[in-house]
Amino acid sequence: MMNNAYIIGLGHYTPDNIISNDDLSKVMDTSHDWIIERTGIEERRFAKDEGPSDLAIPASNLALKKAGLQKDDIDFIVFATSTPDYYIPGSSSIFQDKMNFKNIGCLDIRVQCSGFIYAISIAEQYIKTGQFNNILVIGSEVQSTAMNLTTEGRDTAVIFADGAGAAVISSRKKGGKILSTHLHSEGKYAKELWVESPSSRSNPTIDSNTIKDGRHFLKMNGREVFKHAVKRFPEVILEGLDYNNLGLEDINILIPHQANLRISKFIQKKLNLSDDQIFSNIHKYGNTTAASVPIALSEAVENKRISSKDIVVLAAFGSGFAWGSCILEWV
Ligand code: UT7
(Lines give C-alpha, C1' and ligand atoms only; values in the text may rest on other atoms or scores of the structure.)
Protein backbone atom coordinates (compact mmCIF):
# COMPACT_ATOMS: atom_id res chain seq x y z
CA MET A 1 0.00 0.00 0.00
CA MET A 2 1.57 3.30 -1.14
CA ASN A 3 1.45 6.46 0.99
CA ASN A 4 -0.08 9.62 -0.40
CA ALA A 5 2.09 12.73 -0.69
CA TYR A 6 0.92 16.19 0.34
CA ILE A 7 2.27 19.73 0.08
CA ILE A 8 1.84 20.69 3.74
CA GLY A 9 3.68 24.04 3.95
CA LEU A 10 4.83 26.74 1.56
CA GLY A 11 7.04 29.82 1.74
CA HIS A 12 8.64 32.29 -0.61
CA TYR A 13 11.23 35.04 -0.54
CA THR A 14 12.28 37.65 -3.05
CA PRO A 15 15.21 40.08 -2.65
CA ASP A 16 14.42 43.63 -1.47
CA ASN A 17 16.18 45.19 -4.46
CA ILE A 18 13.32 46.16 -6.82
CA ILE A 19 14.25 46.90 -10.44
CA SER A 20 11.57 48.79 -12.36
CA ASN A 21 11.15 48.86 -16.13
CA ASP A 22 12.35 52.46 -16.03
CA ASP A 23 15.55 51.33 -14.26
CA LEU A 24 16.23 48.93 -17.15
CA SER A 25 15.40 51.64 -19.71
CA LYS A 26 18.31 53.66 -18.30
CA VAL A 27 20.88 50.98 -19.23
CA MET A 28 19.41 49.56 -22.46
CA ASP A 29 17.20 50.53 -25.36
CA THR A 30 13.81 49.43 -24.01
CA SER A 31 10.76 51.07 -22.44
CA HIS A 32 8.18 50.47 -19.73
CA ASP A 33 5.46 50.38 -22.41
CA TRP A 34 7.27 47.71 -24.50
CA ILE A 35 7.92 45.49 -21.48
CA ILE A 36 4.34 45.79 -20.19
CA GLU A 37 2.80 45.14 -23.59
CA ARG A 38 5.02 42.16 -24.51
CA THR A 39 5.48 40.53 -21.09
CA GLY A 40 3.13 42.04 -18.45
CA ILE A 41 6.10 42.65 -16.14
CA GLU A 42 6.10 45.90 -14.11
CA GLU A 43 9.07 45.19 -11.86
CA ARG A 44 11.35 42.39 -10.72
CA ARG A 45 13.89 41.69 -7.95
CA PHE A 46 17.65 41.35 -8.41
CA ALA A 47 19.72 39.82 -5.60
CA LYS A 48 22.78 41.65 -4.27
CA ASP A 49 25.74 39.43 -3.37
CA GLU A 50 23.43 36.48 -2.68
CA GLY A 51 23.15 33.05 -4.28
CA PRO A 52 20.13 30.76 -4.62
CA SER A 53 21.17 28.98 -1.40
CA ASP A 54 20.73 32.30 0.47
CA LEU A 55 17.34 33.15 -1.05
CA ALA A 56 16.14 29.64 -0.19
CA ILE A 57 16.72 30.13 3.56
CA PRO A 58 13.85 32.54 4.40
CA ALA A 59 11.55 30.73 1.95
CA SER A 60 12.30 27.39 3.62
CA ASN A 61 11.98 28.71 7.17
CA LEU A 62 8.52 29.97 6.27
CA ALA A 63 7.55 26.68 4.61
CA LEU A 64 8.69 24.77 7.72
CA LYS A 65 6.69 27.11 9.96
CA LYS A 66 3.54 26.73 7.83
CA ALA A 67 4.03 22.95 7.88
CA GLY A 68 4.37 23.03 11.67
CA LEU A 69 7.70 21.21 11.45
CA GLN A 70 11.20 21.70 12.80
CA LYS A 71 14.37 21.38 10.74
CA ASP A 72 15.10 17.99 12.29
CA ASP A 73 11.82 16.61 10.95
CA ILE A 74 13.10 16.96 7.37
CA ASP A 75 14.51 13.74 5.87
CA PHE A 76 15.72 14.91 2.46
CA ILE A 77 16.19 18.05 0.32
CA VAL A 78 15.51 18.47 -3.41
CA PHE A 79 16.86 21.79 -4.67
CA ALA A 80 15.79 22.94 -8.13
CA THR A 81 17.91 25.67 -9.69
CA SER A 82 19.32 26.49 -13.09
CA THR A 83 21.67 29.03 -11.54
CA PRO A 84 23.59 27.12 -8.82
CA ASP A 85 25.79 29.08 -6.41
CA TYR A 86 28.81 27.21 -7.75
CA TYR A 87 29.61 24.82 -10.54
CA ILE A 88 30.66 22.28 -7.90
CA PRO A 89 29.13 21.27 -5.48
CA GLY A 90 25.39 21.77 -5.90
CA SER A 91 23.40 24.48 -4.14
CA SER A 92 21.62 21.82 -2.06
CA SER A 93 24.91 21.14 -0.21
CA ILE A 94 25.60 24.84 0.35
CA PHE A 95 22.03 25.34 1.55
CA GLN A 96 22.09 22.25 3.79
CA ASP A 97 25.14 23.63 5.58
CA LYS A 98 23.80 27.20 5.90
CA MET A 99 20.52 25.89 7.38
CA ASN A 100 22.49 23.66 9.76
CA PHE A 101 20.52 20.55 8.88
CA LYS A 102 21.58 17.20 10.28
CA ASN A 103 23.35 14.94 7.75
CA ILE A 104 20.33 14.30 5.56
CA GLY A 105 20.71 13.62 1.85
CA CYS A 106 20.32 16.46 -0.59
CA LEU A 107 20.01 16.67 -4.33
CA ASP A 108 20.27 19.41 -6.96
CA ILE A 109 18.16 19.16 -10.05
CA ARG A 110 18.64 21.23 -13.20
CA VAL A 111 15.40 21.36 -15.11
CA GLN A 112 15.19 25.15 -15.40
CA CYS A 113 11.61 26.55 -15.53
CA SER A 114 10.11 23.09 -14.95
CA GLY A 115 12.50 22.37 -12.06
CA PHE A 116 9.93 22.70 -9.29
CA ILE A 117 7.43 20.34 -10.97
CA TYR A 118 10.21 17.78 -11.50
CA ALA A 119 11.34 18.28 -7.87
CA ILE A 120 7.82 17.64 -6.55
CA SER A 121 7.65 14.51 -8.64
CA ILE A 122 10.92 13.20 -7.16
CA ALA A 123 9.79 13.97 -3.61
CA GLU A 124 6.41 12.36 -4.26
CA GLN A 125 8.05 9.03 -5.15
CA TYR A 126 10.10 8.90 -1.92
CA ILE A 127 7.00 9.70 0.14
CA LYS A 128 4.87 7.14 -1.69
CA THR A 129 7.34 4.31 -1.10
CA GLY A 130 7.65 5.27 2.57
CA GLN A 131 11.42 5.88 2.38
CA PHE A 132 10.98 9.45 3.69
CA ASN A 133 8.20 11.26 5.58
CA ASN A 134 9.07 14.92 5.07
CA ILE A 135 11.00 16.39 2.15
CA LEU A 136 11.95 20.02 1.60
CA VAL A 137 11.58 20.98 -2.04
CA ILE A 138 13.05 24.27 -3.23
CA GLY A 139 13.00 26.33 -6.40
CA SER A 140 15.53 29.17 -6.17
CA GLU A 141 17.26 31.31 -8.77
CA VAL A 142 19.72 34.16 -9.08
CA GLN A 143 19.60 34.88 -12.79
CA SER A 144 20.44 38.58 -12.78
CA THR A 145 24.17 37.82 -12.75
CA ALA A 146 23.87 35.90 -16.06
CA MET A 147 22.03 38.73 -17.80
CA ASN A 148 23.54 40.96 -20.43
CA LEU A 149 22.19 44.26 -19.08
CA THR A 150 22.72 46.12 -22.35
CA THR A 151 20.58 46.54 -25.46
CA GLU A 152 22.16 43.38 -26.88
CA GLY A 153 20.64 41.31 -24.06
CA ARG A 154 17.35 43.16 -23.69
CA ASP A 155 15.15 40.23 -24.78
CA THR A 156 16.17 38.21 -21.71
CA ALA A 157 17.20 41.00 -19.32
CA VAL A 158 13.68 42.42 -19.12
CA ILE A 159 12.14 39.02 -18.33
CA PHE A 160 14.32 36.96 -16.02
CA ALA A 161 14.74 37.71 -12.31
CA ASP A 162 15.62 36.34 -8.89
CA GLY A 163 13.60 34.71 -6.11
CA ALA A 164 12.92 31.54 -4.14
CA GLY A 165 10.01 29.33 -3.17
CA ALA A 166 9.92 26.29 -0.90
CA ALA A 167 7.47 23.51 -0.11
CA VAL A 168 7.39 20.71 2.46
CA ILE A 169 6.16 17.46 0.88
CA SER A 170 4.94 15.00 3.47
CA SER A 171 3.01 11.81 4.12
CA ARG A 172 0.94 13.79 6.66
CA LYS A 173 -2.59 14.50 5.41
CA LYS A 174 -2.74 18.29 5.09
CA GLY A 175 -2.67 20.95 2.35
CA GLY A 176 -2.43 19.82 -1.26
CA LYS A 177 -2.65 16.10 -2.04
CA ILE A 178 -0.53 15.28 -5.09
CA LEU A 179 -2.83 13.41 -7.48
CA SER A 180 -0.34 13.15 -10.33
CA THR A 181 2.72 14.55 -12.04
CA HIS A 182 3.45 14.32 -15.77
CA LEU A 183 6.92 15.16 -17.09
CA HIS A 184 8.28 15.62 -20.62
CA SER A 185 11.30 16.93 -22.48
CA GLU A 186 12.56 17.48 -26.01
CA GLY A 187 16.32 17.96 -25.86
CA LYS A 188 16.74 18.81 -29.53
CA TYR A 189 15.72 22.36 -28.59
CA ALA A 190 18.35 22.69 -25.82
CA LYS A 191 20.13 25.57 -27.51
CA GLU A 192 17.01 27.70 -27.94
CA LEU A 193 17.41 28.79 -24.31
CA TRP A 194 20.82 28.17 -22.79
CA VAL A 195 24.04 29.41 -21.25
CA GLU A 196 26.96 28.04 -23.25
CA SER A 197 29.84 28.79 -20.94
CA PRO A 198 31.54 28.14 -18.55
CA SER A 199 31.25 24.47 -19.31
CA SER A 200 33.27 21.27 -19.05
CA ARG A 201 33.52 21.26 -22.84
CA SER A 202 36.10 24.01 -22.88
CA ASN A 203 38.71 25.60 -20.66
CA PRO A 204 37.79 29.27 -20.24
CA THR A 205 41.31 30.61 -19.76
CA ILE A 206 42.16 34.26 -19.97
CA ASP A 207 42.95 33.79 -23.68
CA SER A 208 39.61 32.34 -24.64
CA ASN A 209 36.89 34.40 -26.28
CA THR A 210 34.19 33.32 -23.83
CA ILE A 211 33.71 36.71 -22.20
CA LYS A 212 34.40 38.72 -25.38
CA ASP A 213 31.77 36.70 -27.28
CA GLY A 214 29.30 36.91 -24.39
CA ARG A 215 28.97 33.11 -24.21
CA HIS A 216 28.46 33.37 -20.45
CA PHE A 217 25.12 35.18 -20.90
CA LEU A 218 21.74 33.48 -21.03
CA LYS A 219 20.63 33.32 -24.68
CA MET A 220 17.07 32.77 -25.82
CA ASN A 221 15.29 32.41 -29.13
CA GLY A 222 12.18 34.06 -27.67
CA ARG A 223 9.80 33.44 -30.56
CA GLU A 224 10.69 29.74 -30.77
CA VAL A 225 10.32 29.28 -26.99
CA PHE A 226 6.98 31.11 -27.09
CA LYS A 227 5.68 28.93 -29.93
CA HIS A 228 6.47 25.68 -28.10
CA ALA A 229 5.27 27.00 -24.72
CA VAL A 230 1.76 27.78 -25.92
CA LYS A 231 1.49 24.26 -27.36
CA ARG A 232 3.02 22.28 -24.49
CA PHE A 233 1.30 24.04 -21.57
CA PRO A 234 -2.28 23.15 -22.66
CA GLU A 235 -1.18 19.67 -23.73
CA VAL A 236 0.37 18.71 -20.39
CA ILE A 237 -2.45 20.32 -18.37
CA LEU A 238 -5.01 18.24 -20.28
CA GLU A 239 -2.84 15.12 -19.87
CA GLY A 240 -2.90 15.58 -16.06
CA LEU A 241 -6.63 16.29 -15.98
CA ASP A 242 -7.46 13.28 -18.20
CA TYR A 243 -5.34 10.99 -16.02
CA ASN A 244 -7.47 11.99 -13.01
CA ASN A 245 -10.78 11.90 -14.91
CA LEU A 246 -11.13 15.65 -14.42
CA GLY A 247 -12.24 18.30 -16.87
CA LEU A 248 -11.25 21.93 -17.39
CA GLU A 249 -14.36 22.98 -15.46
CA ASP A 250 -12.95 21.18 -12.39
CA ILE A 251 -9.92 23.49 -12.20
CA ASN A 252 -10.31 25.90 -9.29
CA ILE A 253 -6.95 27.48 -9.97
CA LEU A 254 -4.25 26.99 -12.56
CA ILE A 255 -0.82 28.18 -11.47
CA PRO A 256 1.35 28.26 -14.58
CA HIS A 257 5.06 29.01 -14.58
CA GLN A 258 5.20 32.80 -14.83
CA ALA A 259 7.05 33.00 -18.15
CA ASN A 260 5.28 35.87 -19.86
CA LEU A 261 1.76 37.20 -19.24
CA ARG A 262 1.01 36.75 -22.95
CA ILE A 263 1.78 33.03 -22.64
CA SER A 264 -0.59 32.74 -19.64
CA LYS A 265 -3.30 34.65 -21.53
CA PHE A 266 -2.83 32.35 -24.51
CA ILE A 267 -3.24 29.25 -22.31
CA GLN A 268 -6.30 30.78 -20.63
CA LYS A 269 -7.94 31.46 -23.99
CA LYS A 270 -7.06 28.08 -25.47
CA LEU A 271 -8.47 26.25 -22.43
CA ASN A 272 -11.39 28.65 -22.09
CA LEU A 273 -10.64 29.39 -18.42
CA SER A 274 -12.18 32.30 -16.52
CA ASP A 275 -9.99 35.03 -14.97
CA ASP A 276 -10.61 33.44 -11.53
CA GLN A 277 -9.22 30.09 -12.71
CA ILE A 278 -5.69 31.32 -13.49
CA PHE A 279 -3.12 32.89 -11.18
CA SER A 280 -0.63 35.56 -12.15
CA ASN A 281 1.98 37.53 -10.23
CA ILE A 282 4.50 38.07 -13.04
CA HIS A 283 3.90 41.85 -12.87
CA LYS A 284 5.72 41.91 -9.49
CA TYR A 285 8.51 39.37 -9.92
CA GLY A 286 9.19 38.73 -13.61
CA ASN A 287 10.17 35.22 -14.70
CA THR A 288 12.00 33.53 -11.81
CA THR A 289 12.40 30.18 -13.63
CA ALA A 290 12.38 27.28 -11.08
CA ALA A 291 11.18 29.65 -8.34
CA SER A 292 8.13 30.98 -10.17
CA VAL A 293 5.68 28.12 -9.49
CA PRO A 294 6.44 27.79 -5.74
CA ILE A 295 6.38 31.59 -5.28
CA ALA A 296 3.01 31.75 -7.05
CA LEU A 297 1.58 28.75 -5.17
CA SER A 298 2.79 30.19 -1.86
CA GLU A 299 1.17 33.55 -2.68
CA ALA A 300 -2.06 31.91 -3.83
CA VAL A 301 -2.34 30.11 -0.46
CA GLU A 302 -1.34 33.25 1.44
CA ASN A 303 -3.98 35.29 -0.45
CA LYS A 304 -6.62 32.64 0.33
CA ARG A 305 -7.14 31.84 -3.34
CA ILE A 306 -7.21 28.12 -2.45
CA SER A 307 -9.87 26.39 -0.29
CA SER A 308 -10.63 22.89 0.88
CA LYS A 309 -11.57 20.46 -1.96
CA ASP A 310 -10.08 22.74 -4.63
CA ILE A 311 -8.37 21.23 -7.66
CA VAL A 312 -5.09 23.11 -8.15
CA VAL A 313 -3.09 22.64 -11.34
CA LEU A 314 0.61 23.50 -11.59
CA ALA A 315 2.27 23.58 -15.02
CA ALA A 316 5.60 24.68 -16.42
CA PHE A 317 7.52 24.86 -19.68
CA GLY A 318 11.05 26.06 -20.29
CA SER A 319 14.65 25.47 -21.24
CA GLY A 320 15.53 21.93 -22.19
CA PHE A 321 12.90 22.03 -23.59
CA ALA A 322 11.27 20.47 -20.53
CA TRP A 323 7.69 20.73 -19.37
CA GLY A 324 5.33 19.16 -16.85
CA SER A 325 2.16 19.40 -14.81
CA CYS A 326 1.08 18.50 -11.30
CA ILE A 327 -2.54 18.08 -10.23
CA LEU A 328 -3.32 18.72 -6.56
CA GLU A 329 -6.47 18.37 -4.50
CA TRP A 330 -6.62 20.54 -1.40
CA VAL A 331 -7.77 18.54 1.65
O1 UT7 B 1 10.65 30.79 -18.88
C2 UT7 B 1 10.29 29.99 -19.96
C3 UT7 B 1 11.04 30.33 -21.15
N4 UT7 B 1 10.87 31.66 -21.63
C5 UT7 B 1 9.73 32.09 -22.19
O6 UT7 B 1 8.71 31.44 -22.20
C7 UT7 B 1 9.79 33.40 -22.94
C8 UT7 B 1 9.21 33.22 -24.32
N9 UT7 B 1 9.37 34.37 -25.22
C10 UT7 B 1 8.91 35.60 -24.92
O11 UT7 B 1 8.38 35.85 -23.86
C12 UT7 B 1 8.98 36.67 -26.01
O13 UT7 B 1 9.42 36.08 -27.21
C14 UT7 B 1 9.89 37.89 -25.65
C15 UT7 B 1 9.26 38.70 -24.55
C16 UT7 B 1 11.28 37.42 -25.26
C17 UT7 B 1 10.05 38.80 -26.85
O18 UT7 B 1 8.77 39.27 -27.26
P19 UT7 B 1 8.32 39.14 -28.77
O20 UT7 B 1 7.01 39.77 -28.86
O21 UT7 B 1 8.45 37.69 -29.17
O22 UT7 B 1 9.38 40.05 -29.50
P23 UT7 B 1 10.36 39.65 -30.68
O24 UT7 B 1 11.47 38.79 -30.22
O25 UT7 B 1 9.52 39.14 -31.83
O26 UT7 B 1 10.94 41.06 -31.06
C27 UT7 B 1 10.11 42.12 -31.59
C28 UT7 B 1 10.93 43.39 -31.64
C29 UT7 B 1 12.32 43.18 -32.24
O30 UT7 B 1 12.61 44.32 -32.99
P31 UT7 B 1 12.43 44.32 -34.60
O32 UT7 B 1 13.31 43.22 -35.10
O33 UT7 B 1 10.98 44.06 -34.84
O34 UT7 B 1 12.89 45.69 -34.99
C35 UT7 B 1 13.23 43.12 -31.03
O36 UT7 B 1 14.54 43.55 -31.33
O37 UT7 B 1 11.15 43.88 -30.31
C38 UT7 B 1 12.55 44.09 -30.10
N39 UT7 B 1 12.84 43.84 -28.69
C40 UT7 B 1 12.73 44.80 -27.78
N41 UT7 B 1 12.39 46.10 -27.85
C42 UT7 B 1 12.37 46.81 -26.71
C43 UT7 B 1 13.22 42.69 -28.09
N44 UT7 B 1 13.36 42.88 -26.78
C45 UT7 B 1 13.08 44.18 -26.56
C46 UT7 B 1 13.05 44.99 -25.41
N47 UT7 B 1 12.68 46.28 -25.52
N48 UT7 B 1 13.35 44.50 -24.18
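Residues numbered from 1 in each chain as written. Predicted model: local features only at pLDDT ≥ 70, side-chain atom pairs only at ≥ 80, totals over all residues. Heavy atoms only, no water.

Quick notes on the packing of helix α7 (residues 222–243) against helix α8 (residues 261–270)
Two packed helices can be described by the angle between their axes and the distance between those axes.
Okay, step 1: Put simply, α7 and α8 touch, their axes get as near as 10 Å, and they point 45° apart. Between α7 and α8, the angle falls in the class oblique. For the element pair α7 and α8, the recorded crossing hand is right-handed. Where α7 abuts α8, its residues Phe 226, Ala 229, Val 230, Phe 233, Pro 234 and Ile 237 lie against Arg 262, Ile 263, Phe 266, Ile 267 and Lys 270.
Okay, step 2: Here the residues of the contact of α7 with α8 are counted per class, giving nine nonpolar, no polar and two charged. (Axes fitted to C-alpha atoms, helices over the stretch in contact; angles between N-to-C directions. Helix = DSSP H or I, 4+ residues; strand = E, 2+ residues; numbered from the N terminus. Parallel < 35°, antiparallel > 145°, perpendicular 65-115°, else oblique. Left-handed = near helix turned anticlockwise from the far one by under 90°. Contact = heavy atoms within 4.5 Å. Nonpolar A, V, L, I, M, F, W, Y, C, P; charged D, E, K, R; others polar.)

A word on the environment of Glu 329
Okay, step 1: Assignment of secondary structure puts Glu 329 in strand β13 (residues 322–330).
Okay, step 2: Residue class for Glu 329 comes out partly exposed when judged on its relative accessible area of 29%.
Okay, step 3: Between the C-alpha atom of Glu 329 and that of Ser 93, which follows or precedes it by 236 residues, the distance is 32 Å. (Buried < 20%, exposed > 50% of the residue type's maximum accessible area, 1.4 Å probe, protein only.)

Remarks on the site of the ligand
Okay, step 1: Around the ligand sit 24 residues, and of these Thr 30, Arg 38, Arg 223, Asn 260 and Asn 287 come closest.
Okay, step 2: Trp 34 places a side-chain nitrogen or oxygen 3.4 Å from a nitrogen atom of the ligand.
Okay, step 3: A distance of 2.5 Å separates an oxygen atom of the ligand from a polar side-chain atom of Arg 223.
Okay, step 4: Protein burial of the ligand: of its 940 Å² of free accessible surface, 76% is covered by the chains.
Okay, step 5: When residues of the shell around the ligand are traced back to their parent elements, those giving at least two are α2 (32–39), α6 (154–157), α7 and α8.
Okay, step 6: For the shell around the ligand, the element with the highest residue contribution is α7, accounting for four residues.
Okay, step 7: A class-by-class count of the residues in the shell around the ligand yields 12 nonpolar, six polar and six charged. (Near = heavy atom within 4 Å. Polar contact = N/O pair within 3.5 Å; in protein donor to acceptor, adjacent residues only side chain to side chain. Areas by Shrake-Rupley, 256 points an atom, 1.4 Å probe, with all protein chains shown as cover.)

Re the packing of helix α3 (residues 52–67) against helix α4 (residues 91–98)
Okay, step 1: Here α3 crosses α4 at 50°, and the two axes come no closer than 9 Å. As the angle between them shows, α3 and α4 are arranged oblique. The two elements α3 and α4 cross, and the hand of that crossing is right-handed. The segment α3 lies against α4, with Pro 52, Ser 53, Asp 54, Ala 56, Ile 57 and Ser 60 engaging Ser 91, Ile 94, Phe 95 and Lys 98.
Okay, step 2: A class-by-class count of the residues in the contact of α3 with α4 yields five nonpolar, three polar and two charged.

What to know about the side chain of Ser 319
Okay, step 1: The residue Ser 319 is located in the loop between β12 (311–318) and β13 in this model.
Okay, step 2: Accessibility expressed as a relative area gives 10% for Ser 319, which makes it buried.
Okay, step 3: Within the structure, the side chain of Ser 319 is placed 2.9 Å from the backbone oxygen of Leu 193, a separation counted as a polar contact.
Okay, step 4: The residues contacting Ser 319, other than those within four sequence positions of it, are Val 111, Gln 112, Cys 113 and Leu 193.

As for the pairing of strand β6 (residues 134–141)
Okay, step 1: Of all eight residues in β6, eight are buried; the element is thus mostly enclosed.
Okay, step 2: Side chains Asn 134, Leu 136, Ile 138 and Ser 140 project from β6 onto one buried face, and the interleaved Ile 135, Val 137, Gly 139 and Glu 141 project onto a second face that is buried too.
Okay, step 3: Note that β6 and strand β7 (residues 163–170) share eight bridges and pair antiparallel. Paired with Val 137 across the two strands is Ala 167, which belongs to β7. (Pairing = 2+ DSSP bridges.)

Describing the packing of aromatic side chains
Okay, step 1: On inspection of all chains with the given rule, the structure shows eight aromatic pairs.
Okay, step 2: Geometrically, the ring pair formed by Phe 76 and Phe 132 is stacked, given 5.0 Å between the ring centres and 10° between the ring planes. One end of the pair, Phe 76, is in strand β4 (residues 76–80); the other, Phe 132, is in the loop between α5 (115–129) and β6, and 56 residues separate them in sequence. Each member of the pair, Phe 76 together with Phe 132, is buried.
Okay, step 3: With centroids separated by 5.0 Å and ring planes inclined at 15°, the aromatic side chains of Tyr 189 and Phe 321 adopt a geometry described as stacked. Of this pair, Tyr 189 sits in the loop between β8 (176–185) and β9 (193–194) while Phe 321 sits in the loop between β12 and β13, and the two are 132 residues apart along the sequence. This pair shows no difference in class: Tyr 189 is buried, exactly as Phe 321 is.
Okay, step 4: An aromatic cluster is defined as three or more aromatic residues linked by ring pairs; in this entry it consists of Tyr 189, Phe 317, Phe 321 and Trp 323. (Phe/Tyr/Trp six-rings, centres within 6.5 Å; stacked < 30°, edge-to-face > 60°.)

Details of α8
Okay, step 1: Ile 263, Ser 264, Ile 267 and Gln 268 are the residues of α8 that are buried. For α8, the angular spread of the buried residues around the axis is 140°, confining them to a single face.
Okay, step 2: For α8, the elements touching its buried residues are α7 and β11 (253–256).
Okay, step 3: For α8, the side-chain oxygen to backbone nitrogen distance between the N-cap and Arg 262 is 2.8 Å, and the N-cap itself is Asn 260.
Okay, step 4: Taken from the residues just after α8, Asn 272 is the one with a positive phi, measuring 55°. (Arc of directions from axis to C-beta.)

Regarding the pairing of β7
Okay, step 1: Counting buried positions along β7 gives eight out of eight residues, so the element sits mostly inside the fold.
Okay, step 2: Side chains Gly 163, Gly 165, Ala 167 and Ile 169 project from β7 onto one buried face, and the interleaved Ala 164, Ala 166, Val 168 and Ser 170 project onto a second face that is buried too.

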